[in-house]
Amino acid sequence: MIDKNVVRNLVDEWLTDKEYFLVDVMVSPDNKIAVEIDHVDGVYINDCVELSKYIENHLDREKEDFELEVGSAGWGQPFKVEQQYHNYVGQPVEVLDDSGKKVRGTLKSVDGRDFVVSVKEKVKVEGKKRPVMMDVDHQYSMDNIKYTKYLISFK
């Protein structure tokens, strides 16, 4: 089986001096390699092709055959790395916390592994008879949630 760290090192070499970042590398027992990269402005197919060729040229099919897929981190898929959070600040996201509570709001800020999502909620305000819709900030740690993902809107 092809070593995942070998593939990761090849991707890291290709990424040097580029604004792309690595999201994930997966290698199955039957040598199906999947590489996900991302960029703040999206991923161009030509760059996926270039990375794919780079990896293929540095692995020996004669020694060990493999299947290779290089692509971008999918929209609407859970974030896998911290850089994805930074890329989506100001955008709508969905968070599923460890207790199973799902919230939808705007990713407001990221600080290390912590992030804040601003959610519109009805809040009881003193002196008012009815609850008022307000932005309420919810703080999370990337280490204590099930997932965060970008909410695609077609409005």
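The structure displayed is predicted, hence computed values, not measured ones.

## Observations concerning unusual backbone geometry
Then comes step 1: One non-glycine residue, Asp17, lies in positive phi territory at about 65°.
Then comes step 2: Topologically, Asp17 is positioned in the loop between helix H1 (4-15) and strand S1 (21-27).
Then comes step 3: Overall, the relative accessible area of 81% leaves Asp17 in the exposed class.
Then comes step 4: Here Asn31, not a glycine, exhibits a phi torsion of approximately 65°, which is positive.
Then comes step 5: Positionally, Asn31 belongs in the loop between S1 and strand S2 (32-38).
Then comes step 6: Look at Asn31 and you get buried, because its relative accessible area is 5%.

## Describing the UniProt feature "domain: Ribosome maturation factor RimP N-terminal" (unreviewed entry) in the chain
Then comes step 1: Per the UniProt entry, the sites bearing "domain: Ribosome maturation factor RimP N-terminal" (unreviewed entry) are residues 11-74 in this numbering.
Then comes step 2: The distance from the first to the last C-alpha atom of residues 11-74 is 18 Å, and the span holds 30% helix and 31% strand.

Cut-off values and rules
- Residues numbered from 1 in each chain as written.
- Predicted model: local features only at pLDDT ≥ 70, side-chain atom pairs only at ≥ 80, totals over all residues.
- Heavy atoms only, no water.
- Helix = DSSP H or I, 4+ residues; strand = E, 2+ residues; numbered from the N terminus.
- Buried < 20%, exposed > 50% of the residue type's maximum accessible area, 1.4 Å probe, protein only.
- UniProt positions renumbered as here; feature names shortened; annotations may be inferred.

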